[in-house]
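This is what each chain is made of:
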Amino acid sequence: MDKMNLAILGAGRIATTMATTVSGMEEVNLYAVAARDGGRARAFAEKYGAETSYGSYEEMLNDPQVDLVYIATPHSLHCEHAKLCIHHGKPVLCEKAFTWNAKEAREVLELAQEKGVFITEAMWTRYTPQSEKLRELLYGGSVSRWGTSVSEAAGGSPTGMPQKVVAGENRPGGGRIGQIVGLTANLGYSLLDKERMVRPDLAGGALLDLGVYTLNFATWVLGDDIQSISTSMVLHETGVDKSEFINLVYPNGTIAGLFNTMDAVSDRRGIIFGTEGRIEVENTNNYEEIRIYNNDYELVETIPQPPQITGYEYEVLACKRALEQGKLECEEMPHAHTLRIMELLDEIQTQWGK
């Protein structure tokens, strides 16, 4: 396709970021927006320059001009809306967290496979140039992306993405900081005033909004084959998780310590520790800068983030490439990994008694 027509399902805060992004792209056209309130959809379309708007999701999905649908509704509705798109044969870019739980994720992926419809998760950090640059620094040279077939992902028993680069005593590494020993990552914002974030019925809480980022950071560096998880959590008065610590232990001896909170602003930093130094990533939510230090605490190199619109453009372009190639998933965010992350989120919440 010369220019892809993107349609946005939902007209909330995250939809505005995507609309702003697409409005600045040459390869993609902001074609439509749909909301349950037609007036709200029209106002959104006028503000961001969408060609048309709909007061019904179904009506928008019946429009043959729609090439890709971006789902921008709350987590609790992702499964319902993804299935709706798939039944209408519309390719889907679904906002993270992909669904409320792994059961829903499996249902969506199985349906997409059955109908032969493209779908991917909008975990935008996975698609950025800085993300790939980080892997190159850690593993030495260009490293192929991990991936698993659609059938393996939808089957419900993915093995996770295998560690493709291993050095020394079965520890990952071989790049700028030697063998990787472990990492820490955090993400925190003051979000308690956001109604959606504190409502259990909308899948609120820090884990599904913020924890997906730190989990994706850890698994991007260390892989999905996690041996054990331990976690602690503080509840908000509404019953959703407000803050949490998550520790991941890998079979090869590496370890990851993650902290998420919607009670305060954190430094959002990810730090990867190796036998020959460390790498600091500024902002695990959007890798703004990568800094390499040696074992003498000296800054060796700083790698700034390339110019971007918002960073969302990379996931949209990845969808366009995949659709042009006739694929049903993006190699940047394979279905197996989306499902594995949902399983990890389920396991963490099970430890909390949810």
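Treat the numbers as computed from the prediction; the structure is a model and nothing was measured. Throughout, residues of each chain are indexed from 1 in the direction in which the sequence is written. Confidence filtering applies because this is a predicted model: local features only for residues at pLDDT of at least 70, side-chain atom pairs given and counted only at 80 or more, and all residues used for totals across whole chains, interfaces and linings. The basis for every side-chain value is the complete set of non-hydrogen atoms in the structure, without hydrogens or water.

1. Details of the overall build of the protein chain
Here is step 1 of the chain: Only DSSP runs of H or I reaching four residues or more are called helices, and only runs of E reaching two or more are called strands; each is numbered from the N terminus. When its secondary structure is counted, the protein chain shows 11 helices and 15 strands.
Here is step 2 of the chain: Just to be clear, the radius of gyration here is over C-alpha atoms, and the globule rule we use is 2.2 Å times residues to the power 0.38. Against the globule reference of 20 Å for 354 residues, the protein chain gives a C-alpha radius of gyration of 20 Å, in line with a compact fold.
Here is step 3 of the chain: For the protein chain, with 354 residues in total, the buried portion stands at 58%.
Here is step 4 of the chain: Whether two residues are in contact is decided by their heavy atoms: any pair within 4.5 Å suffices. Here the analysis covers contacts within the protein chain between residues at least 6 apart in sequence; of these, 66% occur between residues at least 24 apart.
Here is step 5 of the chain: For the protein chain, the exposed area adds up to about 13700 Å²; of that, 47% sits on carbon and sulfur atoms. Accessible area is worked out with a 1.4 Å probe on protein chains only. A residue is then buried under 20% of its type maximum, exposed over 50%, and partly exposed in between. The accessible surface values rely on the Shrake-Rupley method and a 1.4 Å probe; as for residues, cover is taken only from the protein chains in view.

2. With respect to the pattern of salt bridges
Here is step 1 of the chain: Note on definitions: salt bridges are taken to be side-chain nitrogens of Lys or Arg within 4 Å of carboxyl oxygens of Asp or Glu. This structure, assessed with the given rule, holds 20 salt bridges.
Here is step 2 of the chain: Each of Arg269, Arg278, Glu280, Glu282, Glu289 and Arg291 takes part in one network of salt bridges that share partners.

3. Notes on the confidence of the model for the protein chain
Here is step 1 of the chain: With 91% of its residues at a pLDDT of 70 or more, the protein chain has an overall mean of 91.
Here is step 2 of the chain: Confidence drops under pLDDT 50 across residues 142-169; counting only partners more than four residues distant or on other chains, this segment forms 72 contacts. The score called pLDDT rates the predictor's confidence residue by residue, from a low of 0 to a high of 100.

4. A closer look at the sheet that holds strand β3 (residues 52-54)
Here is step 1 of the chain: Pairing in this open sheet of six strands is parallel, and the strands run β3-β2-β1-β4-β5-β6 from one edge to the other. The outermost strands of the open sheet, each flanked by one partner alone, are β3 and β6 (119-122). Going from strand to strand, the sheet's axes swing by 25° on average, the running direction of each strand aside.
Here is step 2 of the chain: Taken together, the three bridges between strand β2 (residues 28-34) and β3 define a ladder with parallel strand orientation. The partner of Ala32 across the bridge, within β3, is Thr52. Being paired, for any two strands, means DSSP has found at least two bridges between them. Fitted lines through C-alpha atoms give the axes, limited to the stretch in contact for helices. The angle between two N-to-C directions lies from 0 to 180 degrees.

5. A word on unusual backbone geometry
Here is step 1 of the chain: Residue Ala97 follows Lys96 across a cis peptide bond; omega there is -15°.
Here is step 2 of the chain: The residue Ala97 is located in the loop between β5 (92-95) and α5 (102-115) in this model.
Here is step 3 of the chain: Not every positive phi belongs to a glycine, and Ala203 is a case in point at roughly 60°.
Here is step 4 of the chain: Turning to its location among the elements, Ala203 is positioned in the loop between α8 (195-198) and α9 (206-222).
Here is step 5 of the chain: Of note, the phi angle at Asn283 is positive, near 80°, even though the residue is not glycine.
Here is step 6 of the chain: Position of Asn283 among the secondary structure elements: in the loop between β13 (277-282) and β14 (289-293).

6. Some points on α9
Here is step 1 of the chain: When the terminal C-alpha atoms of α9 are compared, their 22 Å separation across 17 residues agrees well with the 24 Å that a helix rising 1.5 Å per residue should span.
Here is step 2 of the chain: Note that bend, as reported per residue, equals the angle between axes fitted to the 7 residues terminating at that residue and the 7 residues originating from it. Of all the bends in α9, the greatest measures close to 35° and is centred on Val212.
Here is step 3 of the chain: For α9, the buried fraction is high: 17 of the 17 residues fall into the buried class.
Here is step 4 of the chain: Where α9 ends, the next residue or the one after it, Gly223, has phi of about 95°, a positive value. Helix span, as expected, comes to 1.5 Å for every residue beyond the first.

7. Some remarks on the environment of Leu208
Here is step 1 of the chain: Note that Leu208 resides in helix α9.
Here is step 2 of the chain: Leu208 sits in the buried class, given a relative accessible area of 3%.
Here is step 3 of the chain: Each C-alpha atom of the pair Leu208 and Phe98 lies 9.1 Å from the other, and the pair is 110 residues apart in sequence.
Here is step 4 of the chain: Contact partners of Leu208, with chain neighbours within four places excluded, come to His75, Ala97, Trp100, Ala203, Leu345 and Gln349.

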